[in-house]
Amino acid sequence: MTEDPFVAHRGLLFTVAYEMLGSAADAEDVLQESWLRWAEADRSRVNDARAYLVRTVTRQALNRLRTLARSREDYVGEWLPEPLLTSPDVAEDVELAESVSIAVLTVLETLGPTERAVFVLREVFELPYGEIAGAIGKSAATVRQIARRAREHVAARRPRVRVSRSEQQAVVERFLQALRTGQLQELVEVLAPDVVLIADGGGLAAAALAPIHGGELVARVLARTNRVDAAAFATTAVWLNGAPAGRIEIEGELATAVSFVVENGQITRVYLVRNPRKLTRLDEPAELVR
């Protein structure tokens, strides 16, 4: 029996929805809605199931983005994407790993819904302009213009320096060790002088409401996180969104996911996700493909 195309392409469809929404929970909802439409579709009129399904998911994700706009405006504090546990294999596809990184997903939040859809479909999945046009209801010429603007917008804001996996891992391990042992000076040394920390508690967990700038200040803020019984505080190196990252547990409960941007042997960005609603998918690796 031939596998249903929706099942065969589910990893791709989830990745498209997740990159457009920055939320695995919302991406799953979009896939459910898209599945219902696929189940009702006249398959005899579908020439390319993959393209049809990507169009369907894109339209549903656009609808979801527009309905989410108000709730994200009212979000308490900084909003960060929902982190996903990934296998180290995701990092083998450098373009995919970069596109799903917390840093780039955060930049994509600064695009409008249509611009984000075009950027994801063109720059990440390399879909033809005509196919994107059919997905978003615009002409191919308009899609080209949107793609150029979105590309320039993201290029001006995304991290530009790529470092080796081994360097990333070494810096992250050093950070987690300093955090675990409460060594303030070690934290200061692993952080760049102009480091920025962004935390997301969503009003459900304690977190800074605005970005924190500067190595010494960020180190002091981070050092406070382990002011509990040392035996109750644990840090573990994991892979999140295709890059070395960490998870922090207090008394055996997951409290924080932490992701980084590493440049020249130091950390230039720290992303702390503490909103418990965004920490529910860190036990099972997500399937991210393109």
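Heads up: the structure comes first, above all this text.
Note that this is a predicted model, so its numbers are computed, not measured.

Visitor: Break down the packing of aromatic side chains for me, with residues and values.
Guide: Throughout the structure, instances matching the rule amount to 4 aromatic pairs. Residues tryptophan 38 and tyrosine 52 carry aromatic rings whose centres are separated by 5.7 Å and whose planes lie at 50 degrees to one another, so their mutual orientation is tilted. With tryptophan 38 in helix α3 (residues 24-40) and tyrosine 52 in helix α4 (residues 49-73), this pair connects stretches of sequence that are 14 residues apart. Look at tryptophan 38 and you get buried, because its relative accessible area is 3%. Geometry around tryptophan 38 places arginine 43 over its ring, the cationic atom sitting 3.9 Å from the centre.

Visitor: Residues and numbers for the nonpolar core, please.
Guide: Judged by nonpolar contacts, the single largest core of 53 residues is most densely connected at Phe14, Tyr18, Met20, Leu108 and Ile136. Contributing elements (two or more residues each) for this core: α2 (10-21), α3, α4, α6 (102-108), α7 (113-124), α8 (129-136) and α9 (140-155). Setting aside residues up to four positions removed in sequence, tyrosine 18 forms contacts with Ser23, Ala24, Ala27, Glu82, Pro83, Leu84, Leu105, Arg116, Asn241 and Leu288. One finds Val172, Ala178, Leu179 and Val262 within the second-largest nonpolar core, a separate group that totals 26 residues.

Visitor: Describe unusual backbone geometry, naming the residues involved and giving the relevant values.
Guide: Positive phi is not limited to glycine here, since glutamate 126 has a value of about 55 degrees. Tracing the backbone shows glutamate 126 in the loop between α7 and α8. Within the chain, glutamate 251 stands out as a residue other than glycine whose phi angle is a positive 55 degrees. Topologically, glutamate 251 is positioned in the loop between β4 (243-250) and β5 (253-263).

Visitor: Help me get a handle on the pattern of salt bridges, residues and values and all.
Guide: Applying the stated rule across the entire model yields 19 salt bridges. Linking aspartate 283 and arginine 247 is a salt bridge whose minimum nitrogen-to-oxygen distance equals 3.6 Å. Of this pair, aspartate 283 sits in the segment after β6 (266-273) while arginine 247 sits in strand β4, placing them 36 residues apart in sequence. Owing to a relative accessible area of 13%, arginine 247 belongs among the buried residues under this scheme. Here the salt bridges share partners, and the residues they tie into one network are Arg10, Glu28, Glu82 and Arg281.

Basis of the calculations
Think of each chain on its own: its residues are numbered from 1, step by step along the sequence as written. For this predicted model, a pLDDT threshold of at least 70 governs which residues receive local features, and a threshold of 80 or more governs which side-chain atom pairs are given and counted, while totals over whole chains, interfaces and linings are taken from all residues. The basis for every side-chain value is the complete set of non-hydrogen atoms in the structure, without hydrogens or water. Each Phe, Tyr or Trp ring, with Trp reduced to its six-membered ring, pairs with another whose centre is within 6.5 Å; inter-plane angles below 30 degrees give stacked pairs, above 60 give edge-to-face pairs, and intermediate values give tilted ones. Only runs of H or I of at least four residues qualify as helices and only runs of E of at least two qualify as strands under DSSP, and these elements are numbered from the N terminus. We call a residue buried when its accessible area falls under 20% of the maximum for its residue type, exposed when it is over 50%, and partly exposed in between, using a 1.4 Å probe and counting protein chains only. Two conditions define a charge sitting above a ring: the NZ of Lys or the CZ of Arg must be within 6 Å of the ring centre, and it must be within 35 degrees of the ring normal. Note on terminology: a nonpolar core comprises buried Ala, Val, Leu, Ile, Met, Phe, Trp, Tyr and Cys residues joined through side-chain atoms within 4.5 Å. By definition, residues are in contact when any of their heavy atoms lie within 4.5 Å. The rule for a salt bridge is simple: a side-chain nitrogen of Lys or Arg has to be within 4 Å of a carboxyl oxygen of Asp or Glu.

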